[in-house]
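One letter stands for each residue in the lines below.
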Amino acid sequence: MKIVIVGGVAGGASAAARARRLSEDAEIIVLERGEYVSFANCGLPYHIGGVIPERQSLVLKTPQDFKTRFNIDVRVRHEVLAIDPEQKSVTVKNLTTGENYTETWDRLLLSTGAAPIVPPLPGLNETGVFSLRSINDMDAIIAWIKQHDVSHATLVGGGFIGLEVMEALTERGMSLTLLEMGNQVMAPVDPEMASALHQEIRNHGVDLRLKTALKQVTRDVAGLSVELSSGEKLRTGMVLLAIGVKPESRLAADAGIATGERGGIRVNAQMQTSVPGIYAVGDAVETQDLVLQSPTLIPLAGPANRQGRIAADNMLMNRGSTYRGSQGTAICKVFSLSIGSCGANEKQLAARGRRYEKVYVHSADHASYYPGAAMISLKLLFDPQNGTILGAQASGQNGVDKRIDVLAVAQRAGMKVADLEHLELTYAPPFNSARDVVNQAGMVATNVLFGDTAICHASDIQQLDPATQCLLDIRNPGELTQFGEYPNALSIPLDTLRENLGRLPKDKEILIGCQSGLRGHVAYRILTAQGFRARNLSGGFKTWQAVLQATE
């Protein structure tokens, strides 16, 4: 069998290696348009910032490596111009010699990746305007900084690449302006979870402009200028576009291969396209969202690697290996904070009219009495009828990856929120608390699910009706001074609540606020046992503050 793979990196390279491990007899050819067939594109910002000092560390495998170990014919700087499904052939251009030739195949795999989104704005073709997708892009950015002694850069887009490059350039001592057209950075999480990032970014001296778009770039004798949607103009030494990526599906579409509503190549669970014998993987394909059960684009290395393996299984062995849907599990480091997520966010669920409930937990990443403990804030989204885990988000200095990974596995395994409190996770004071943050989130969600507590959210406090509701702050006086107060709240510390029940109106619903939501549950149980109608603010004052910051 002859397998031709268009594109390398995560999807194509993993498929090629897996195919060889399955068959020593198959002829395997990889056609890569760029100069590098296997490189760590996720590591590019970290070389720019100097965290990864050696450029060569980013080159994972060379064509010679593939030939020596796997007997795979890798041809870099070979661009596939067209696919002929009937003749089972591709037209290839050798970009070094300019020669065109035809290559036949028995099975064809498309791993064409995604390209940076470049909006149709004036001036984006000026020198000094960059995007970051390849090693060559990285080299050009570093060279420009050195040659022009750049002191200020403008980044456009607050997604993964924008945030990572922001940190990298800050590490180089540059001043930065970050433009984000939306009301938050890091779109996979919800606004209140991103508010900690906004504070962290600004604390590191970055000029963060939310709800601000790039209008145009101009160059004069003094250098580059950017005009913003606000009408303001800024001088800058360079512009880096990190607006996002779009699937490179044109080659497939021109060959009559079906594409989906999101613009990606349409594949089934076996990674087969609409044309027999042609498969596709990676950033170029649409897959099924595990939670929403709709087509999605997930331009991440992990799914691409798994899809490459599945495609190789099915091209060679026809063993029915399937891709089981995408969760979009991801994490990003932003200076001293990490933020991660899996599954659906609240914005997606609300847009689709999906019923959901949410709980917030704020807890130390390890035993609070052991030195160095720092807070993790976790948001858990679940089905209020059956407890299905819909999504999770977390931020903090340490341990965010562990918690999101645990919840991603639980979601993948079909566990419910009631199962989370039973997870037996590692514990020793330097690493964890006896009740992990995930256990705690499961307990809180289970209390809600089983009716052991009733919760409210920041929006309920914002829309409070004084005629029918009373906001009760059960924190101590010192906390009010240190952290701030809820608006128009009746203050009764928790430890004096029982002897002060007469101060509470029996004819009103009591909305309970504490610092993190933990003590609020105790107050809820006290009040409901005495005949009061009550709800506890999930996440307490910490979540309340985050919501306010997100709406400023």
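To be clear, the structure that these remarks concern was listed above.
Residues numbered from 1 in each chain as written. Predicted model: local features only at pLDDT ≥ 70, side-chain atom pairs only at ≥ 80, totals over all residues. Heavy atoms only, no water.

Novice: Go over the sheet that holds strand E6 (residues 78-84) with me, naming the residues and quoting the values.
Specialist: Here we have three strands laid out as an open sheet, ordered E6-E7-E8, and antiparallel in their pairing. The open sheet terminates on both sides in strands that have one partner only, identified here as E6 and strand E8 (100-104). Here the strands of the sheet are splayed against their neighbours by 30° on average, with no regard to which way each runs. (Pairing = 2+ DSSP bridges. Helix = DSSP H or I, 4+ residues; strand = E, 2+ residues; numbered from the N terminus. Axes fitted to C-alpha atoms, helices over the stretch in contact; angles between N-to-C directions.)

Novice: Summarise the side chain of Thr273; cite the residues concerned and give the values.
Specialist: Summarising the element assignment, Thr273 is placed in the loop between strand E20 (265-266) and strand E21 (278-280). Judged by its relative accessible area of 10%, Thr273 falls in the buried class. A distance of 3.2 Å separates the side chain of Thr273 from the backbone nitrogen of Val275, its partner in a polar contact. (Buried < 20%, exposed > 50% of the residue type's maximum accessible area, 1.4 Å probe, protein only. Polar contact = N/O pair within 3.5 Å; in protein donor to acceptor, adjacent residues only side chain to side chain.)

Novice: Residues and numbers for the nonpolar core, please.
Specialist: Ile83, Val90, Leu108, Leu110 and Ile265 are the most contacted members of the largest nonpolar core, which totals 48 residues. Setting aside anything within four residues of it in sequence, one finds Leu110 in contact with Val6, Ile83, Ala252, Ile257, Ile265, Ile278, Tyr279, Ala280 and Val281. Residues Phe39, Leu58, Ala168 and Tyr360 belong to the second largest nonpolar core, which totals 43 residues. (Core = buried A, V, L, I, M, F, W, Y, C linked by side-chain atoms within 4.5 Å. Contact = heavy atoms within 4.5 Å.)

Novice: Could you give an account of helix H16 (residues 540-551), naming the residues involved and the relevant values?
Specialist: End to end, H16 covers 17 Å across 12 residues, agreeing with the expected 16 Å (1.5 Å per residue, within 8%). Within the span of H16, buried status applies to Gly540, Phe541, Thr543, Trp544, Ala546, Val547 and Ala550. Those residues of H16 hidden inside the fold are in contact with helix H6 (191-203), strand E26 (357-364), helix H13 (458-462), helix H14 (477-483) and strand E33 (534-537). (Expected span 1.5 Å × (residues − 1).)

Novice: How would you explain the sheet that holds strand E24 (residues 330-334) if you had to name every residue and give the values?
Specialist: Paired through their backbone hydrogen bonds, the strands of a sheet run either parallel or antiparallel. If you walk across this open sheet you meet the five strands as E24-E25-E28-E27-E26, and the pairing is antiparallel. The open sheet has two edge strands, E24 and E26, and neither has a second partner. Sheet twist, expressed as the mean angle between neighbouring strand axes with direction ignored, is 10°. Examined bridge by bridge, E24 and strand E25 (residues 337-343) share five bridges and lie antiparallel to one another. Within E25, the position partnered with Val334 by the bridge is Leu337. Against the sheet, H6 makes contact with E24, E25, E26, strand E27 (375-382) and strand E28 (389-396), and its axis sits at roughly 155° relative to E25, the strand it touches most.

Novice: Can you lay out the pairing of E6 for me, pointing to particular residues and giving the numbers?
Specialist: Bridge analysis of E6 against strand E7 (residues 89-94) gives six bridges, and the strand direction is antiparallel. Within the sheet, the bridge partner assigned to Asp84 lies in E7 and is Ser89. The loop that links E6 with its antiparallel partner E7 comprises four residues; one of these, Lys88, has a positive phi angle of about 50°.

Novice: Tell me what's going on with the pattern of salt bridges, and back it up with residues and numbers.
Specialist: This model, assessed by the stated rule, comprises 23 salt bridges. Connected via shared salt-bridge partners are Asp190, Glu192, Glu346, Lys358 and Lys379. (Salt bridge = Lys/Arg side-chain N within 4 Å of Asp/Glu carboxyl O.)

Novice: How would you sum up helix H12 (residues 437-449)? Please name residues and give values.
Specialist: Compared with the 18 Å implied by 1.5 Å per residue over 13 residues, the 18 Å span of H12 between its first and last C-alpha is a close match. All buried positions along H12 are accounted for by Val437, Val438, Asn439, Gln440, Ala441, Gly442, Ala445, Thr446 and Val448. At its buried positions, H12 is contacted by E26, E27, helix H10 (400-412), helix H11 (417-420) and strand E29 (455-456). Of the residues that open H12, the one with a side-chain oxygen 2.7 Å from the backbone nitrogen of Val438 is Asp436. After H12 finishes, the residue Gly451 shows a positive phi value of roughly 80°.

Novice: I'd like to hear about the packing of aromatic side chains, residue by residue, with values.
Specialist: Tallying each qualifying case throughout the model produces five aromatic pairs. Between Phe66 and Phe70, the aromatic rings sit 6.2 Å apart at their centres with planes inclined by 40°, giving tilted as the arrangement. Of this pair, Phe66 and Phe70 both sit in helix H3 (residues 63-70), four residues apart, which is roughly one turn of the helix. Residues Phe66 and Phe70 agree in their burial class; the two are buried. Centroid distance Tyr486 to Phe541: 5.1 Å. Interplanar angle 90°. Geometry classified as edge-to-face. With Tyr486 in the loop between H14 and strand E31 (490-491) and Phe541 in helix H16, this pair connects stretches of sequence that are 55 residues apart. Members of the aromatic cluster, each reached through a chain of ring pairs, are Tyr486, Phe541 and Trp544. The ring of Phe532 has Lys506 sitting right over it, with the charged end atom 4.4 Å from the ring centre. (Phe/Tyr/Trp six-rings, centres within 6.5 Å; stacked < 30°, edge-to-face > 60°. Lys NZ or Arg CZ within 6 Å of the ring centre and 35° of its normal.)

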